[in-house]
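# Structural overview for review
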Amino acid sequence: MRSVLPLLLAAVTSAPVAAQQAPRRIFISVDMEGIGGIGTSAMTTATGKDYATGRKLMTDEVNAVVAAIFAAGPAEVLVNDSHGDMQNLLHTELDRRVSYIQGAVKPLGMVQGLDSTFDAAIFLGYHARAGTENGFLAHTGSGIVKGLWIGDVEAGEGEMNAAYAGSLGVPVILASGDSVFAAQFTQHVPAATVVTKVAETPAAARLRHPEVVREELASATRSALASLESARPWRIAAPVEVRIRFADVTRPQIMEAIPGVRQVDGYTVAFTANSMGEAYRLIRLLYRFVTI
């Protein structure tokens, strides 16, 4: 009995520890305009000046957050490249513990790979929605979109992605980007934010040093994970009413050929979706894959 008792006690006392060590599943969507150290559009395009520097800054920022996640305990991290052609991150320089989705031909775009098994989502390098006064490099999806409304909320990429995550029961616990994005995003989404730069104009930013930004992101990640139990997803009630305003009058006429899509005025189409997942796919189809 003496030899068995210590083993039984060890099994009982170790069970709660094992339960606590279950890995958290964290999804990271990373855009580029809001990354620390990026202050012009030329740094965000493959043919632009200092694009290579922009890619390095983007990769380092992701790694800083990933390191903080793993320092907080066991984790499974999926990183989804969410800018432009979605092959910007330097894959060979990413933390080897992450999985990485690359490429732009994917129905869920910036939230590809996100599902209800994730404990939380983090958005890095985001920007304000199209038409935002002084939002640094502000846009929504692409230059052809001049406005997007989901329900009664005027949404940018951040709100659209947060609503999709919320429909799966996944909270956004942290988001980063320029000062205008941070103020705009938190009007609706209950997430912590890190301001990576101050938007001076739509084309210029007052930059914080990238190392300072990364340190703040690491700290904010630790804090967000520490309070994960109290995080709440942001949900849009179904059915989901969507309106999209485009830059030209030809595109809305063509889009009426898609079942359920109706033209509201010369520039605007609308549709009703049964769920945010259905709405997201159709929004992306309209601005990304319908061409004229």
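Before reading on, note that the structure itself is shown above.
Notes on the structure in this doc start here. (Residues numbered from 1 in each chain as written. Predicted model: local features only at pLDDT ≥ 70, side-chain atom pairs only at ≥ 80, totals over all residues. Heavy atoms only, no water.)

### Quick word on the overall build of the protein chain
For the protein chain, the count of helices and strands is seven helices and 12 strands. If you line up the protein chain on its principal axes, its C-alpha atoms span 85 × 45 × 30 Å. A separation threshold of at least 6 residues defines the contact pool for the protein chain, and within that pool the share at least 24 residues apart is 67%. Taken as a whole, the protein chain presents about 13100 Å² of accessible surface, with 54% of it coming from carbon and sulfur. Side-chain charges in the protein chain split into 25 positive and 28 negative, and the spacing between the mean points of these groups amounts to 4 Å. (Helix = DSSP H or I, 4+ residues; strand = E, 2+ residues; numbered from the N terminus. Contact = heavy atoms within 4.5 Å. Areas by Shrake-Rupley, 256 points an atom, 1.4 Å probe, with all protein chains shown as cover. Lys, Arg positive; Asp, Glu negative; His and termini not counted. Charge placed at Lys NZ, Arg CZ, Asp CG, Glu CD.)

### Section: the sheet that holds strand β4 (residues 120-126)
Strand pairing in a sheet relies on backbone hydrogen bonds. The paired strands run either parallel or antiparallel. Strand order in the open sheet formed by seven strands is β3-β2-β1-β4-β7-β8-β9, with mixed pairing between adjacent strands. Of all the strands in the sheet, the pair left with one neighbour each is β3 (99-101) and β9 (204-207). Each strand axis lies, on average, 20 degrees off the axis of its neighbour in the sheet, ignoring direction. As paired strands, strand β1 (residues 24-30) and strand β2 (residues 75-81) are joined by seven bridges and run parallel to one another. (Pairing = 2+ DSSP bridges. Axes fitted to C-alpha atoms, helices over the stretch in contact; angles between N-to-C directions.)

### Let's talk about the pattern of salt bridges
Within this structure, the stated rule accounts for 10 salt bridges. Measuring nitrogen to oxygen at the nearest pair gives 2.8 Å for the salt bridge that ties D95 to R97. Accessibility expressed as a relative area gives 45% for R97, which makes it partly exposed. The partner of R245 in a salt bridge is D265, with the nearest N and O atoms 3.7 Å apart. With R245 in strand β10 (residues 240-246) and D265 in the loop between β11 (262-263) and β12 (268-273), the pair connects residues that are 20 residues apart, well separated along the chain. Since its relative accessible area comes to 31%, R245 is described here as partly exposed. One salt-bridge network, held together by shared partners, links R25, E76 and D115. (Salt bridge = Lys/Arg side-chain N within 4 Å of Asp/Glu carboxyl O. Buried < 20%, exposed > 50% of the residue type's maximum accessible area, 1.4 Å probe, protein only.)

### Topic: the packing of aromatic side chains
A full pass over the atoms with the stated rule returns six aromatic pairs. Within the aromatic cluster, the residues linked to one another by ring pairs are F123, Y126, F181 and F185. Here the guanidinium or amino end of R25 rests over the ring plane of F118, the centre of that ring lying 4.1 Å away. (Phe/Tyr/Trp six-rings, centres within 6.5 Å; stacked < 30°, edge-to-face > 60°. Lys NZ or Arg CZ within 6 Å of the ring centre and 35° of its normal.)

### Let's talk about helix α3 (residues 157-167)
Of all 11 residues making up α3, 10 are buried, and the element is well covered by its neighbours. For α3, the set of buried residues is E157, G158, E159, M160, N161, A162, A163, Y164, A165 and G166. Note on α3: the residue one or two positions beyond its end, G169, has a positive phi of about 85 degrees.

### A closer look at the packing of helix α2 (residues 51-71) against helix α5 (residues 210-226)
It is at 8 Å that the axes of α2 and α5 come closest, and there the two elements cross at 30 degrees. Taken together, α2 and α5 sit at an angle that is classed as roughly parallel. In the crossing of α2 with α5, the sense of the turn from one axis to the other is right-handed. When α2 is examined against α5, the residues L57, D60, E61, A64, V65, A68 and I69 are found in contact with a partner set consisting of P210, V213, R214, L217, A218, T221, R222 and L225. (Parallel < 35°, antiparallel > 145°, perpendicular 65-115°, else oblique. Left-handed = near helix turned anticlockwise from the far one by under 90°.)

### Some words on α2
For α2, which comprises 21 residues, the first-to-last C-alpha distance of 30 Å matches the rise-based estimate of 30 Å (1.5 Å per residue) to within 8%. Most of α2 sits inside the fold, with 15 of its 21 residues counted as buried. Looking one or two residues beyond α2, the residue adopting positive phi is G73, at roughly 145 degrees. (Expected span 1.5 Å × (residues − 1).)

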